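Breakdown of the fold
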Amino acid sequence: METVQNQVSISGNIKDSHGEPLMGAAIVVKGTTTGTTADIDGNFQLTIENSDAILMVSFLGMVTKEIPVGNKTVFDIVLEDDFSSLEEVVVVGYGTTKKSDLTGAIASVKGKDLNVTSSQDVLSGMQGKMAGVHITKNSGAPGADALVRIRGIGTINNSDPIYVVDGFQVSDINYLSVNDIESIEVLKDASATAIYGSRGANGVILVTTKKGGGKGVQFSLNYNYGVQSASKKIDMLNAWQFATLYREANSNSGITLSAYEDKVTQFVIDHKSEGTDWQDQVFREYTPVQNLDFSVSGKSGKNSYLGSVFYNSNEGLVKYNDFSKLNLRLQNSYAITDKITWDIDVSYSKSDKQDIDGGVLTSSLYMDPIAPAWDENTNNYGTRTFNAIEGSNPAMLIDHSQYDRLSWTNRIVGNTSVSVRDIFISGLSFKSRFGYDNNTIKGKGYYPEFYVDTNTYNQESSLYQNERNLISMLWSNYFSYEKIIGKHSINAMLGTEMQNFENEYVSGTVYDVPNDPNQMYFDLASNLERKALEGNFKESRLLSYFGRVNYKFLDRYILTATLRADGSSKFLGDNRWGIFPSAAVAWDLMKEPSMQGNNVISNLKLRSGWGIVGNQNSLNNPYVYASTITSQSNSYVIGGQIVNGYYPAALANKDIKWETTETFNLGIDLGLFEDKLALDANVFQNTTSDMIATPQAPVYVGYNAVPSNIGSVRNKGIEVTLGHKNKIGDLSYNINWNITALKNEVLDLGTSTAIIAGSLPRLDPTTYTDVGNEIGAFRGLATNGIFTQETLDALHAQYPGYQPTAQPGDVWFVDADGDHKIDKNNDRQYLGSAVPDFTSGLNIQLNWKNIDFSCYFIGSYGNEIVNGQYVYIYGSNIKSNWHADMWNRSHGDVITDIPRLDIADVNGNTSTFSDRFVEDGSYLRLKNIQIGYSFPESLYSKVKLSEFRVYFSADNLLTFTKYSGWDPEPVSFGTLNGGVDYGTYPLPRVLSLGLNLKF
């Protein structure tokens, strides 16, 4: 009875520093489990034992307050933002946690730090900002996708990470703009990714989008306009220089020029004709790129909302190579009660894109400079001067692409969830989420009928159209529970999830279609009998159960354990289900009593984690377990009638199963001087087992071999992030540097036969994926320089069969197997790979009064690139124009480091793949530099603006590299042929002006 009489009923309201109510803020009596949470309006009521109690008021991302009760019964509480990085809220799979409680390897970046490049592409903005996350653009063409690799390449199949946007797993985030992003977290080790099970082997990128809220209605407008140009041209010979070498090559081979060849080349030489610079014909100067982003957000009663519009327009470096995109997004949160919240987010993205003919860029190097772009004499396109030239007129290729390679993308992504707090008991929450992603991609292309000469013509026009429809659906349901019991803190989560994936494709081609954009339709083709049709449909499903427990003792000993079970329709029987566990521990040494009062070390935490994750996306064909049949090109005569026949197209593998990756991670987090200096370091090892590959089948089988679990790959490395931030007077700065060193190695292929890829015209394959080397390692002949007469005579005196046809000025190949003769297969050696020894990023931010400055560098070191143009532009024979360096080739008694010209190329100087094709692909690039000025509020407060900023920005301003091609950065064509430069579209240099307004 005495206890009841001493009880006190208290109430109050909790807000943030902006006056917004903090729904869900926790109020706990210190030293007890008595507590409650604030409702939608930030109000709370609580009965306590006596007035001597102390209230602990907390909310994620804010400073916890201790408030003595005393004689007060009503409290108005304001929580301040916690700017300590340790209290920063970090998104993890199916939940959030404080950064200080992390046990796994997780990197994060804020949305405001992504909005720097002219492309306004989310992944481009992430470049160089996180250790262990390597991002490159596949091409500099407008709208090109980015390639993301987290801690290396773990499989020869799909190595792409998955993206989780506000809890919904999607294949990419192209439908979002940078101004939609609140934050991004990258889960890098299995202790963090195992909660996503079979989809987490290649890492997980968690995206949190912006939500509505705040006081009243807020508007935001961001606009920038820029011009772009090619950042580099490759130096090629002009017309009279080309003619000089043309004559020399024929002379070296004992070939007498025809009267036509002699007359043309001599005329060009005598008149020192410059001819046509084909790169000038291809690359446009100062083409525009612009971005517009507008958003409105606010809160009205129980409803908060946000709407945004983003538009991007980019006229590429090449004519008819344009891209535009429109993104619309609506987000709404409605508090049904103080414990139940309904969220809905709908995005629509529409893009129009036109790619260029793949031969345009390479033809700007290959086409001879004597030929004109347009021949005034024939009133037609200029054609190659000599038949030996393999290049086509790039101007013609561009004009014929006017209605070719068109694509349109329409995508709708919907994501809705219902959250219930304190269901049944305090601390128990439930969330149900449904996501829907419908992506339709249409393509169309028209290739006209034309005639230039007997070697350059197309007799019949053609029109193709295709459509691919990708649909994915997700329904997840999970409970989460938080409880503090004395010195113990528990956070648990348990849930289930269902996913469905559909992929439908149809394509058709017709011929003899009018060259009129208004008549480019299938039914207007003159020859409807001649046509090509194809299509397919794929479907797969995934059912999952998952759980996680976070346990913390004495606020410093932390354990995280997860378990996920995935069942996939891609596999059968016992292989259908995969179990993916993980465990991680952390020790927060700063919470130890002996560390209290330390004025130097402000953060010190040790982490260790282990886990197993899967990769069901390595199996592109969801029906490998079944034999398939086809009727293609199989007609039979039965009963006097022609009928289609069917035959097995592929054998079945009912034993196919998951690829799995086991990871180990050791990490340390260190902060000094109130975290003004910060270090984050990780050592990791990821080993992929049961990698799916297709071995070579014996010829007598009669079928191709089926995909099987035969391989193993290991990635191990170290990643370090160093940061320094401070404020000195009016100057504040933040400098962040990260570096990742990684080694990739194939451990097993289940067969002695290497996987060969990376073929180039007139060359043997360039890449060999084999045990002991990296995926896609380069293998070819090593060289020992260029033969002089003396070295050649000495070699042949000892070994007559060693390159018996070689002459002074030819390449000296290395005899690797010691049999004193050169064999293209037996003498192949390891020549490097596209996997860098380390990658790095440096980010600098400065603020002084109203001026802000930022820049960031990205770099790669130790990777090699196969220059695919070498066989042509450094060719000993005559197949194209030559690089300007060929002016210094070996000729006569003059021996240089460039081989002589020889039309037959008997020695194989440039028709044999060797280390002469392999170049140092290392580079350091100033990716972006930006300087801005924010006008004083006194200048615009009367017009109700809250922010008025202008800025100048430059992308790809400087690049330091030894690579002789257009651009070392985007050379990442694929996994097995990564690092082979087929003539990749270079990244443009962009100069832009921008404006930011808020009101």
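Being a predicted model, the structure only gives us computed values, none of them experimental.

Conventions we followed
Residues numbered from 1 in each chain as written. Predicted model: local features only at pLDDT ≥ 70, side-chain atom pairs only at ≥ 80, totals over all residues. Heavy atoms only, no water. Pairing = 2+ DSSP bridges. Helix = DSSP H or I, 4+ residues; strand = E, 2+ residues; numbered from the N terminus. Axes fitted to C-alpha atoms, helices over the stretch in contact; angles between N-to-C directions. Buried < 20%, exposed > 50% of the residue type's maximum accessible area, 1.4 Å probe, protein only. Contact = heavy atoms within 4.5 Å. pLDDT = per-residue confidence, 0-100. Phe/Tyr/Trp six-rings, centres within 6.5 Å; stacked < 30°, edge-to-face > 60°. Lys NZ or Arg CZ within 6 Å of the ring centre and 35° of its normal. Patch = residues over 30% accessible without salt bridge, like charges linked within 9 Å, V, L, I, M, F, W, Y side chains within 5 Å. Areas by Shrake-Rupley, 256 points an atom, 1.4 Å probe, with all protein chains shown as cover. Salt bridge = Lys/Arg side-chain N within 4 Å of Asp/Glu carboxyl O.

Our focus in this paragraph is the sheet that holds strand E1 (residues 8-16). Spatially, E4-E1-E7 is the arrangement adopted by the three strands of the open sheet, whose pairing is mixed. In this open sheet, the two strands that pair with only one neighbour each are strand E4 (43-48) and strand E7 (74-79). Taken over all neighbouring pairs, the strand axes of this sheet differ in orientation by 30 degrees on average, direction set aside.

This brings us to the sheet that holds strand E43 (residues 767-769). Strand order in the open sheet made by the four strands is E42-E43-E44-E47, with antiparallel pairing throughout. Two strands in the sheet have a free side with no partner beyond their single neighbour: strand E42 (755-757) and strand E47 (829-830).

This paragraph deals with the environment of Asp160. With respect to the helices and strands, Asp160 occurs in the loop between strand E12 (146-150) and strand E13 (162-165). Of the residues examined, Asp160 reaches a relative accessible area of 37% and is grouped as partly exposed. It is 9.2 Å that separates the C-alpha atoms of Asp160 and Val204, two residues lying 44 residues apart in sequence. Residues in contact with Asp160, not counting those within four places in the same chain, are Leu147, Val148, Arg149 and Asn202.

With that out of the way, let us pick up the confidence of the model for the chain. Across the chain, the average pLDDT comes to 91, with 97% of residues at or above 70. Within the chain, strand E46 (residues 811-813) carries the highest mean pLDDT (97), whereas helix H1 (residues 2-6) carries the lowest (51).

So, about the packing of aromatic side chains. Evaluated as defined, the whole model comprises 29 aromatic pairs. A ring pair is formed by Phe242 and Phe386, whose centres lie 6.5 Å apart and whose planes are at 25 degrees; its orientation type is stacked. One end of the pair, Phe242, is in helix H4 (residues 239-252); the other, Phe386, is in the loop between strand E23 (380-381) and helix H8 (394-400), and 144 residues separate them in sequence. Taken together, Phe242, Tyr246, Tyr260, Phe386 and Trp882 form an aromatic cluster joined through their ring pairs. In this arrangement the basic side chain of Lys444 is found over the ring face of Tyr521, its NZ or CZ atom lying 4.7 Å from the centre. Over the ring of Trp887 we find Arg889; its NZ or CZ atom is 5.6 Å from the centre of that ring.

This part covers a nonpolar patch on the surface. Nonpolar side chains collect at one region of the surface, where Trp848, Ile851, Ile931, Tyr933, Val950, Phe952, Leu991 and Leu993 lie side by side and expose about 690 Å² of accessible area between them. Counting through the fold element by element, Tyr933 comes out in strand E52 (residues 923-934).

Take the pattern of salt bridges next. Summed over all chains, the structure comprises 42 salt bridges. In this structure, Asp690 engages Lys657 in a salt bridge whose closest nitrogen and oxygen atoms are separated by 3.8 Å. Of this pair, Asp690 sits in strand E39 (residues 677-693) while Lys657 is found in the loop between strand E37 (647-650) and strand E38 (660-672), placing the two residues 33 residues apart along the sequence. Accessibility expressed as a relative area gives 31% for Lys657, which makes it partly exposed. The network of salt bridges with common partners includes Asp101, Lys552, Asp555, Asp588 and Lys591.

It is worth spelling out the environment of Leu306 at this point. In this fold, Leu306 is placed in strand E19 (residues 303-315). Expressed as a C-alpha distance, the spacing of Leu306 and Thr416, which sit 110 residues apart in the sequence, is 15 Å. Here Leu306 is in contact with Lys210, Lys211, Gly212, Val296, Ser297, Arg329, Leu330 and Gln331, once residues within four sequence places are set aside.

By the element assignment, Pro765 lies in the loop between E42 and E43. Among the residues examined, Pro765 registers a relative accessible area of 21% and is labelled partly exposed. For the pair Pro765 and Asn222, spaced 543 residues apart in sequence, the C-alpha to C-alpha distance is 48 Å. With sequence-adjacent residues up to four places away left out, Pro765 is seen in contact with Ile756, Ala757, Gly758, Ser759, Arg779, Arg828 and Phe913.

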